[in-house]
Every structure is written in C-alpha cells, then in structure tokens.
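Close look at the chain arrangement
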Amino acid sequence: EIEAKYTKKMQALRDELDLRRKTEIHEVEERKNSQISELMRNHEKAFSDIKNYYNDITAKNLALINLLKEQVEEMKKKENHLEKEKMDVLLENKQLKEPLQQAQEQLSELQKKLAHYDKDKVGLMNTKAHLKVAQKDLKDLQWEREVLEQRFRKVQAERDELYQKFTKSINEVQQKMGFKNLLLERKVDGLLSVLEKKEMELSEVLAASNLDPSTLSLVSQKLEEVLDSKNATIKDLQLQLARVCKAHNDMLQTFEAKLTAFGIPLDNLGFTPLANPVPGP
C-alpha cells in the first residue's frame, strides 16, 4: 500500500512535472518564436534599409557616372576646342614673332628712355630743391638789399652832411691857411729885406769907418751873432710854414680819401683844393 501510494504520488509528481515541463517548453517555444519573429522583422527591416541604401548609392553612382560621362564629353569638346585654339595661337605667335621682336626692341629703347627720364626726373627734383634754396636765398638777398638800401640812404645822408661840413671846413681852413701862409711869407720877406738892408748899412758903416782889425773882428762877431739869431728866427718861421703846409696837404689827402670812400667824385666839389708845396729849409 505504501509502495502503491508512493508510486501513485510519484506518478502524479511525474505528471505534474511533465505538465510543468511541457508548459515551460511551450513558453520557451513561444518566446523563441517571438524572438525569431522579432529577429526576422529586424532582419527584414535591416535588409530593406540596406537595400534602399545601396539602391540610393547605386542611383547616385549611376547619376555620378552619367554626370562624369557628360563632363568627359564636355572635357573632350573643350580639349578639341583648346587644341584648335592652340593651333590658332601657335599660328598667331608665328605671325606675331616679328612684331614681337620689334616690340622688344621698342621696349628696350623705351627702357633706355625711361632710365634717362628717371635720371632727368632726379635732376629736376634736385633742380627744384636748388630752386627753392635759390628762392630762399633770393628772398634773403632782397631783404638784405632793402636793409642795405636803407643803410645806404642813411649813409648817403650822412655823406651829404659830412660833404657839406668838409666843404665848409676846407674853405675855412684854406682861407685861414692862405691868410696865415701869406702873413708868414710877408713876415719872412720883411725880415729878409730888413736883414739885407741892415747888412748893406753895416757894410757902408764899416767901409766909412776906419776901424782897427780887433774892433772890426768884434763887430763882425757881433754881426754874425745877430745874423745867426735872425737866421735861426727865419729857419724857425720856415719850419712853422712847412708844418702848416704839410698839415694842410694831409688834410686835403684825408678829405679826398673820404670823398673817394663815399663815392663822391672830386669834380663835384665846385672848386679845386689848393695844395701848398712844402718849402724846403
């Protein structure tokens, strides 16, 4: 009974476990099927996305290929056009070779002229600078000229005033010197005349009187002393006359030098200054 009881329990347990196992297997299969379905949907979606992606890439590549083909055709056309232009340019270059040589020669000539132009330009700039300096110097000189003209007018006025004073002084000095010279000459002539007269009277007295030789010698000695005194007086007067004449002549020379320094000709004086000869001893 116990064995039957436990066999029955064992059987019931097996059935329960088998049912649980079947239930779990069924749940696992359902989950598996659900996952498979999910994976299939994901794979289909991914495949569709990849298919669309590659379709887009293929379409883009086809469009790019078509565009590149068009560009290649366009480039070929451009190449043919450029080749034709190249031939035309080569022909034109061949035709322009001689004018090019002429143009190069002209360019060389123009470069030389340009060098001369630059040189002339520098020279012109230097000339302008010198001109500015010269204009400044000219203004300075004009200003100095005005100053000098003012000074000249002032000096000219002083010269005229000095000329009048000199003229007046020279007239007064000439008058005084002429009068003084005349007095001195008359005085000397009077003394010489008196001396000659005295000598004649003395000779007559000596001739009339019969004096002895000692008395005659004494008289002669006295006479010589008187004559020496008179000669000394005459000599002194002659020296005074010579000094006065020399002073007069020196004054005339100074006056003429001043007139020459001021640019006044001697002919403008209106008279001729008298230069007295210096008498000898």
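The model shown is predicted, which means the values in this text are computed figures rather than measured ones. (Residues numbered from 1 in each chain as written. Predicted model: local features only at pLDDT ≥ 70, side-chain atom pairs only at ≥ 80, totals over all residues. Heavy atoms only, no water.)

**Observations regarding the overall build of the protein chain**
Rules: Numbering goes from the N terminus for both helices and strands, where a helix is a DSSP run of H or I of at least four residues and a strand is a run of E of at least two. Categorising residues by exposure relies on relative accessible area from a 1.4 Å probe, with only protein chains included: less than 20% of the type maximum marks a residue as buried, more than 50% marks it as exposed, and the intermediate range marks it as partly exposed. The contact criterion used is simple: two residues touch if any of their non-hydrogen atoms lie within 4.5 Å.
A tally of regular secondary structure across the protein chain gives two helices and zero strands. Considering the protein chain as a whole, with its 281 residues, one finds that 9% of them fall into the buried category. Pairs at least 24 residues apart make up 85% of the contacts formed inside the protein chain by residues separated by at least 6 positions.

**A few points about the pattern of salt bridges**
Stated formally: For this analysis, a salt bridge means a side-chain nitrogen from Lys or Arg found within 4 Å of a carboxyl oxygen belonging to Asp or Glu.
Under the defined criterion, the tally for this structure stands at seven salt bridges. A salt bridge links R41 to E38; the shortest N-O distance between them is 2.4 Å. With R41 and E38 both in helix α1 (residues 2-208) and three residues apart, this pair spans about one turn of that helix. By relative accessible area, R41 is classed as partly exposed at 46%. The class for E38 is partly exposed, based on a relative accessible area of 35%. Of the charged contacts in the structure, one is a salt bridge between D140 and K136, with a shortest N-O distance of 3.4 Å. Here K136 and D140 lie together in helix α1, a separation of four residues that amounts to about one turn. A relative accessible area of 33% means that D140 is categorised as partly exposed. Connected through shared salt-bridge partners, D18, R21 and K22 make up one network.

**With respect to the packing of aromatic side chains**
For any pair of aromatic rings, the description consists of the separation of the ring centres together with the inter-plane angle of the planes. Counted only if it meets this: Two rings from Phe, Tyr or Trp (for Trp, the six-membered ring) form a pair when their centres sit within 6.5 Å of each other. Planes less than 30 degrees apart are called stacked, planes more than 60 degrees apart edge-to-face, and all others tilted. Only lysine NZ and arginine CZ atoms are considered, and such an atom sits over a ring when it is within 6 Å of the ring centre and within 35 degrees of the ring normal.
All chains considered together, the criterion is met by one aromatic pair. A centroid spacing of 5.3 Å and a plane angle of 75° characterise the contact between Y53 and Y54, whose relative ring orientation is edge-to-face. Here the basic side chain of K9 rests over the ring of Y6, its NZ or CZ set 5.3 Å away from the ring centre.

**Comments concerning a nonpolar patch on the surface**
The condition is simple: Exposure above 30% relative accessible area and the absence of a salt bridge qualify a residue for a patch, where like charges join within 9 Å and nonpolar side chains (Val, Leu, Ile, Met, Phe, Trp, Tyr) within 5 Å. Method for areas: the Shrake-Rupley scheme with a 1.4 Å probe, in which residue coverage is limited to the protein chains shown.
Together, I2, Y6, M10, L13 and L17 make up an exposed nonpolar region whose accessible area comes to about 500 Å². You can see L17 is positioned in helix α1.

Interpretation in functional terms is not warranted from these geometric data alone.
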